[in-house]
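# Coordinates in review
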Amino acid sequence: MAIENMMIELKKILYVLISMLPLLSTGCHRKDSAHQEPKMRLVATDRVMEFDIDPRTYPHSDCVFAHHTSTGERYLVYLNEQLNRIQFYLIDSLRLSHTIELQQKGPHGVGLVIGYYVQSLDSVFVTPKGRKQIFLVNRKGELIGTWDYSRYLTRSGMSVMPTYSRPASPLVIMGHEVYMDNFPEGNWNLLNQDNMKDFPIMMKLNMETGTVTEFDLRYPSSCFEMNDIVHSRVWDGERFLWSFRRDPVIYASKDLRTMQEFHRESRYIKKLVPDLSSGDFMELIRYGASAPSYEKLIHDPFRGLYYRVVYPGTKVDKDMNISSLMKFKPVFSVMILDRDLNTMGETLVLPENHYYMEEMFVLKEGLYISENHIHNPSFNENKLRYRLFHVEQLF
């Protein structure tokens, strides 16, 4: 009788354990279904932000940020690469405030700037093309600080590419340290998990001593399976997050030693195709224009959300202007994720050929997306135009 009672109790325990398995696996696997019922969506509003620009300002930039001052002023900061200048527009009065003219040569020369980080209106870090240096300039464009990391090699003896502070991966300043992304120099087609096993995904530069320190965190194996290490990275104040171009997983780390993985597939990507490792130039360009990808991760601190920009890919015909298609994608979607990186919804941003995917920024009122797509019927080369999108709760 005692044995029979013991067997009944064991069956009860086994039943409880089996019933808990789905809960346990959910906590460990961290995988969302791309086709689950959406809880949120992006909705275009009637509100448009529009700035007049002079004839010397190119109406497209790949480096646009929103900046808030300590006194409450809000700026749209716009890199005019053709003239090597950073333009500050007052958001609430829709006018140009001032411009930082950046010299390429001379005592205040900083090279050709293709990235920047605004610490304050009088303190702007700039990253030049092809140079392993970071410069600090004031509002007048005068050079007030220089840091050179050209001699830095990783512990495994590999050299790194120059770091560029752009919306997909801006510099992160913490005290006197600059946190930067790490990409290897050389032919990326020759990279594999063996020769990259000791290559750090991030490093930091001490602005007081000039020393560079690498972190223990490495590139995930998916990069080498898909032959693509290109990624977007954000810092949300507590952790770093990475979104790789050919990988549905979002990676997160608080200590830059270990990573958490959050499998978040787009409902608009049927299949990710590995990056081409060889082929003629036009074949590679055609692939880049047509292949689906996860493009950019954006943090929304006002709503505690993240936006993941997704390119679903498109068919490339022979008569298409492929270089134009590479820059001006016809359509894209935006995934909405909550603080815990749960997928809350995904919105296809329509109509096609209307929005310029490279220019987006977040303000208190919502997400702004550029309407300066060259095939937009209302495109005006004399204006910068951004449409406000709200996040709508569905239930």
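Definitions and cut-offs
- Residues numbered from 1 in each chain as written.
- Predicted model: local features only at pLDDT ≥ 70, side-chain atom pairs only at ≥ 80, totals over all residues.
- Heavy atoms only, no water.
- Pairing = 2+ DSSP bridges.
- Helix = DSSP H or I, 4+ residues; strand = E, 2+ residues; numbered from the N terminus.
- Axes fitted to C-alpha atoms, helices over the stretch in contact; angles between N-to-C directions.
- Buried < 20%, exposed > 50% of the residue type's maximum accessible area, 1.4 Å probe, protein only.
- Polar contact = N/O pair within 3.5 Å; in protein donor to acceptor, adjacent residues only side chain to side chain.
- Contact = heavy atoms within 4.5 Å.
- Salt bridge = Lys/Arg side-chain N within 4 Å of Asp/Glu carboxyl O.

### Here's the deal with the sheet that holds strand 8 (residues 133-137)
- An order of 6-7-8-9 is seen for the 4 strands of this open sheet, with the pairing classed as antiparallel. Because the sheet does not close on itself, it has two edges, and the strands there are strand 6 (113-120) and strand 9 (143-148). The sheet shows a mean angle of 20° between the axes of neighbouring strands, direction not considered.
- Sheet topology places strand 8 next to strand 9; 5 bridges connect them, and they run antiparallel. Bridging across to strand 9, Gln133 finds its partner in Asp148.

### Quick word on the side chain of Gln87
- On the secondary structure map, Gln87 appears in strand 4 (residues 85-90).
- Of the residues examined, Gln87 reaches a relative accessible area of 1% and is grouped as buried.
- Of note is the side chain of Gln87, whose polar atom sits 3.4 Å from the side chain of Thr57.
- At 2.8 Å, the side chain of Gln87 and the side chain of Tyr89 are in polar contact.
- In this structure, Gln87 is in contact with Thr57, Leu76, Val77, Tyr78, Asn80, Leu96, His98 and Thr99, ignoring residues within four places of it in sequence.

### Some remarks on the pairing of strand 11 (residues 177-181)
- Among the 5 residues of strand 11, 5 are classified as buried, and the element is accordingly described as predominantly covered.
- Residues Glu177, Tyr179 and Asp181 of strand 11 are buried on one face, and the alternating residues Val178 and Met180, pointing to the opposite face, are buried as well.
- For strand 10 (residues 172-174) and strand 11, the ladder comprises 3 bridges, and the chain directions are antiparallel. If you follow Met174 over to strand 11, its bridge partner there is Glu177.
- Inspection of the sheet shows strand 11 paired to strand 12 (residues 202-206) by 5 bridges, in the antiparallel sense. Its bridge partner lying in strand 12, Glu177 is registered against Asn206.

### Quick look at the pattern of salt bridges
- Inspection of every chain in the model, using the stated rule, returns 24 salt bridges.
- Between Glu101 and Arg85 there is a salt bridge, and its shortest N-O distance comes to 3.6 Å. Separated by 16 residues along the polypeptide, Glu101 in strand 5 (residues 95-101) and Arg85 in strand 4 bring together distant segments of the chain.
- With a closest N to O distance of 3.2 Å, Glu185 and Lys132 form a salt bridge. With Glu185 in the loop between strand 11 and strand 12 and Lys132 in the loop between strand 7 (123-128) and strand 8, the pair connects residues that are 53 residues apart, well separated along the chain.

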